[in-house]
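# Structure assessment
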Amino acid sequence: MARTIAVTGKGGTGKTAIAALIIRHLKQHAAGPILALDADPDANLATVLGIRVEKTIGDLREETLAEVKNLPAGMSKSAYIEAGLHQIVVETEKVDLLAMGRSEGPGCYCYVNNLLRDFSEKLHTAYQWVVMDNEAGMEHLSRRTASRIDSLIVVVNDSPLALDCARRIDQLVTDLKNPVGKRYLVVNMAPEERVAAVRARAADLTLEFLGHVPRDPALEEKVFNGESLFGLDESPAVRRIGEMMARMGE
Ligand SMILES: Nc1ncnc2c1ncn2[C@@H]1O[C@H](COP(=O)(O)OP(=O)(O)O)[C@@H](O)[C@H]1O
Ligand SMILES: [Mg+2]
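Remember, predicted model here, so these are calculated numbers, not experimental data.

Parameters and conventions
- Residues numbered from 1 in each chain as written.
- Chains lettered and ligands numbered in written order.
- Predicted model: local features only at pLDDT ≥ 70, side-chain atom pairs only at ≥ 80, totals over all residues.
- Helix = DSSP H or I, 4+ residues; strand = E, 2+ residues; numbered from the N terminus.
- Rg over C-alpha atoms; globule rule 2.2 N^0.38 Å.
- Buried ≥ 20, exposed ≤ 12 C-beta atoms within 10 Å, placed from the backbone.
- Contact = placed C-beta atoms within 7 Å.
- Near = placed C-beta within 6 Å.
- Nonpolar A, V, L, I, M, F, W, Y, C, P; charged D, E, K, R; others polar.
- Axes fitted to C-alpha atoms, helices over the stretch in contact; angles between N-to-C directions.
- Parallel < 35°, antiparallel > 145°, perpendicular 65-115°, else oblique.
- Left-handed = near helix turned anticlockwise from the far one by under 90°.
- Pairing = 2+ DSSP bridges.

## Some details on the overall build of the protein
Counting its secondary structure elements, the protein contains 10 helices and 8 strands. Here the C-alpha radius of gyration of the protein, 18 Å, is about what a compact globule of 250 residues would show, namely 18 Å. Here the protein holds 250 residues, and 39% of them are scored as buried. Long-range contacts, defined as pairs at least 24 residues apart, comprise 80% of the intrachain contacts of the protein with a sequence gap of at least 6.

Below, the structure written as structure tokens:
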């Protein structure tokens, strides 16, 4: 069964960068294939990993609804979705990527969504790791379109708004019925001298402090140039992610 690491937090705190660095770490150090799950409609994870996405689950969902009356004879809706899902997984060396895309429009999607969830869960079992970059709203979590999460990482920077968002996520996860294994807090891009204060402000949350990732000029440069973070060499952010993964027991 795959181990699932989900990254969430307020927009701009560095969720996508942290998810990409975790995937980079696993690609280098862990055995087994990794599924990168881009659950943000902007599909930024694919971009920072340098992977091209042609089609998303959102596209497949719309297509299924549009095509449902024209399916080839003998092909069920279910078979159509399962085949479609395998088609949209982008395969690269050791890391495959699946983009969720937009959430649904006004149609009736329950049936399609249920099938998608079942097939996604089946797909996950083919991997050792699933790393999920979520949008801030945690929509997939709250609507239970996400499967079980082993480690949930909530990213904050030194902004009080990021902490407010972390607090909402903490509450949401506490209220949810679907199990989340461990919950962690990562402080990203905050100056060293503020980390203790940020941690103190988050002390009432159920999140365990996992680590601090400093602002990393080498990372910024890669993103600025549109280059894949797979190409990032030893740098402060890379080192900190390595330490955090060790702490998580990965
Ligand atoms: N540790 C870091 N050092 C330098 N730049 C960072 C770091 N973390 C994130 N960034 C940059 O900050 C911006 C926002 O990060 P991003 O991962 O896109 O946030 P989110 O996914 O939470 O919206 C991006 O330009 C990203 O490259
Ligand atoms: Mg993002």
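Let us keep going from here.
## Points about the environment of Gly11
Mapped onto the elements, Gly11 comes out in the loop between strand 1 (3–9) and helix 1 (15–29). Taking C-alpha positions, Gly11 is 28 Å from Cys110, a pair spaced 99 residues apart along the chain.

## Some words on the environment of Ala162
With respect to the element layout, Ala162 can be found in helix 7 (residues 160–175). Classification of Ala162 by C-beta neighbours within 10 Å gives buried; the count is 26. A sequence separation of 53 residues divides Ala162 from Arg215, and the C-alpha atoms of the two residues are 16 Å apart.

## A word on the site of ligand 1
The environment of ligand 1 is formed by 18 residues, the closest being Gly14, Lys15, Thr16, Ala17 and Val223. Elements with a minimum of two residues in the shell around ligand 1: helix 1 and helix 9 (217–224). Across the shell around ligand 1, the residue classes break down as 6 nonpolar, 8 polar and 4 charged.

## Let's talk about the packing of helix 3 (residues 57–67) against helix 4 (residues 77–88)
Two numbers describe how helix 3 lies on helix 4: the axes approach to 10 Å, and their chain directions differ by 155 degrees. Put simply, helix 3 runs roughly antiparallel to helix 4. In this structure, the crossing between helix 3 and helix 4 has a hand that is right-handed. Together, Ile57, Leu60 and Thr64 of helix 3 and Lys77, Tyr80, Ile81, Gly84, Leu85 and Ile88 of helix 4 make up the contact between the two elements. In terms of residue class, the contact of helix 3 with helix 4 is made up of 6 nonpolar, 2 polar and 1 charged.

## Some points on the pairing of strand 2 (residues 34–39)
Taking burial as the measure, the 6 residues of strand 2 include 6 buried ones, the bulk of the element. In the sheet, strand 2 pairs with strand 4 (residues 95–99) via 5 bridges, with the strands oriented parallel. Bridge pairing links Leu37 to Leu98 in strand 4. Here strand 2 pairs with strand 5 (residues 129–134) via 6 bridges, running parallel. By the bridge assignment for strand 5, Ala36 is matched with Val131.

## Focus on the sheet that holds strand 7 (residues 180–188)
Reading across the sheet, the 8 strands line up as 3-4-2-5-1-6-7-8 and stay open at both edges, with mixed pairing between neighbours. The open sheet has two edge strands with one neighbour each: strand 3 (90–91) and strand 8 (208–213). As paired strands, strand 1 and strand 6 (residues 149–156) are joined by 5 bridges and run parallel to one another. Looking at the pairing, Ile5 lines up with Ser151 of strand 6. The strands touched by helix 10 (residues 236–247) are strand 7 and strand 8; relative to strand 8, the strand with the most contacts, the crossing angle is about 165 degrees.

## What to know about the environment of Pro236
With respect to the element layout, Pro236 can be found in helix 10. Given 14 C-beta atoms within 10 Å, Pro236 falls into the partly exposed group. Leaving out residues up to four positions away in the same chain, Pro236 has contacts with Pro214 and Asp216.

## A closer look at the packing of helix 4 against helix 5 (residues 110–124)
Two elements in contact, helix 4 and helix 5, have axes separated by 10 Å at closest approach and are oriented at 45 degrees. In terms of orientation, helix 4 and helix 5 fall into the oblique class. Here helix 4 runs over helix 5; the crossing is right-handed. Along its contact with helix 4, which presents Ser78, Ile81, Glu82 and Leu85, the element helix 5 presents Val112, Leu115, Leu116, Phe119 and Leu123. Counted by class, the contact of helix 4 with helix 5 contains 7 nonpolar, 1 polar and 1 charged residues.

Nothing here speaks to function; it is geometry throughout.
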